Amino acid sequence: MDVPVTDSVTRFVFERAALRGALVGLDAAYRDSIGCHAYPPRLARLLGETMGAMCLLANSLKFQGSLILQLHGAGPVRLLVVECDASLRLRATAQWSGDIDDDASLIEMAGDPRRSRMVLTLDPKDGSPLHQGIVSLEGASVASLFEHYLATSEQIASRLWLDAGDERVRGLLLQRMPGATEADTATWVRAVSAVDAAAAPFALSDAHALLAALFRDDDVRAFRPRTPRSGCSCSRERVAGALKMLGSEEVESILAEQGAVGVNCEFCNRRYELSAAEARALFAPPRAAVTH
Ligand SMILES: [Zn+2]
C-alpha cells in the first residue's frame, strides 16, 4: 500500500525495541502557510523547519487546543510564530528587517541568545490557563532546540532531523520510550547512526519505503498517517477584539488619517475592513454594544 510522505505525519514503532518515532512531510501545508508573505528564502525555510518540528511535537502529545511557538528575536528576525492545533492545522508568520543571507544560521537570524527569547505555549482554547515553557536558544538549529526541549521538559531522549527546501519540508523524530533496556540502547544507537549516515534520508516519496530503507535491520511498524494542513483561525470578531485592546484613542487617530480601519491578518494576510461607524461601535457604551 502506498503511503505518500506528501502532507502527512506517520507515527511508527520499532517492533523489538522501546523506540518510537514519526515522519512528517509538509508540501501544500508549507507552501500555503508561507506563500502569503514575501519571506527571504532562508527565513521561509526557518519557518518550514519550525512547522515540521511543531507538527511532530503536536502529533506526539495528547492535548486539545493549540501549540504555539513564539521567537522574539534580537537579530534580523524580530518575531517568528508557528501555531499547530490538535488537528494538525498549521499557521506561521515572521517579521524581519534587512537582508537575511541564504546560509544564515539560526543564531545569526535570531540574534544574541541572551537577548532573544523562545516561548512554547499550550493554549487549551477553552478558557483554562495557558501552559508556557521557555525554550533555550542555545542550540545551533531548530532540530537541536526541540531535542533539548523534549529532553528537559518531556524527559524523553529524542533526535530530530529536519530538511526544509523552497517547496517542501521533511522531518523525522526518533524517541526512546521510558524503561529502555541495554538491548534498546543498541537499537537506538543503530537507528540514529542510520539516519545520520544517510546521504538523502528523505529521498523516497513513500513513507513505508523510506522507513524500511533507513531502518533496514529493524522491524518498524507504521500507523495510519494523519494529514497536516495550512489554515488560519482569524475572524472579524478577533480583529474587533484586537482593535478594542488597541483602545479608542488609537482607533480614532487611524480614522482621522484613513477614514476607515483596515487590518491584515499577520498569518494569512486576509484583509478586514471596518468603516468609521463600525470601528466606533466597538467603543460604544455597554448597553449599545453587542456582547456574547
Ligand atoms: Zn488569518
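Heads up: the structure comes first, above all this text.
Bear in mind that the values here come from a model prediction, so they are computed numbers and not experimental data.

A. Examining the sheet that holds strand β11 (residues 229-230) more closely. Taken in spatial order, the six strands line up as β7-β6-β3-β4-β5-β11 in an open sheet, and their pairing is mixed. In this open sheet, the two edge strands, each paired with only one partner strand, are β7 (131-135) and β11. In the sheet, strand β5 (residues 89-96) pairs with β11 via two bridges, with the strands oriented parallel. If you follow L90 over to β11, its bridge partner there is S230. Of the strands in this sheet, β3 (66-72), β4 (77-85), β5 and β6 (117-123) are in contact with helix α2 (residues 41-60), which crosses β4 at around 35°.

B. Main features of the sheet that holds strand β2 (residues 19-26). Taken in spatial order, the five strands make up an open sheet running β8-β9-β2-β1-β10, and their pairing is antiparallel. Whereas interior strands pair on both sides, the edge strands pair on one side only; in this sheet they are β8 (158-164) and β10 (220-222). With strand direction ignored, the average angle separating the axes of adjacent strands in the sheet is 15°. Sitting on the sheet, helix α4 (residues 142-153) is in contact with β8 and β9 (169-176), with an inclination near 155° to β8.

C. Geometry of the coordination of the zinc ion. Protein coordination at the zinc ion: the donors are C232 (SG), C234 (SG), C265 (SG) and C268 (SG), at 2.3 Å from the metal. Metal-centred angles of 104 to 117° between the four donor atoms at the zinc ion mark the site as tetrahedral. In terms of primary sequence, the donors binding the zinc ion are separated according to C-x1-C-x30-C-x2-C. Highlighted residues: C234 in the loop between β11 and α7 (236-246) and C268 in the loop between β12 (260-264) and β13 (271-275), separated in sequence by 34 residues.

D. Structural context of the packing of aromatic side chains. Going through the model one piece at a time under the given rule, you end up with four aromatic pairs. Relative to F215, the ring of F12 lies with its centre 6.0 Å away and its plane at 40°, an arrangement referred to as tilted. Note that F12 is positioned in strand β1 (residues 8-14) and F215 in the loop between α6 (207-214) and β10, a separation of 203 residues in sequence. Residue class for F12 comes out buried when judged on its relative accessible area of 1%. Residue classification places F215 among the buried residues on the basis of a relative accessible area of 3%. Each residue in the set F12, F14 and F215 is aromatic and connected to the rest through ring pairs, giving one cluster. Its end group placed over the ring of F223, R11 keeps NZ or CZ at 4.7 Å from the ring centre. Here the guanidinium or amino end of R91 rests over the ring plane of F267, the centre of that ring lying 3.8 Å away.

Basis of the calculations
Residues numbered from 1 in each chain as written. Predicted model: local features only at pLDDT ≥ 70, side-chain atom pairs only at ≥ 80, totals over all residues. Heavy atoms only, no water. Pairing = 2+ DSSP bridges. Helix = DSSP H or I, 4+ residues; strand = E, 2+ residues; numbered from the N terminus. Contact = heavy atoms within 4.5 Å. Axes fitted to C-alpha atoms, helices over the stretch in contact; angles between N-to-C directions. Donors = N, O, S within 2.8 Å, 3.2 Å for Na, K, Ca; no water. Tetrahedral: all angles 85-135°; square planar, octahedral: opposite > 155°, others 65-115°. Phe/Tyr/Trp six-rings, centres within 6.5 Å; stacked < 30°, edge-to-face > 60°. Buried < 20%, exposed > 50% of the residue type's maximum accessible area, 1.4 Å probe, protein only. Lys NZ or Arg CZ within 6 Å of the ring centre and 35° of its normal.

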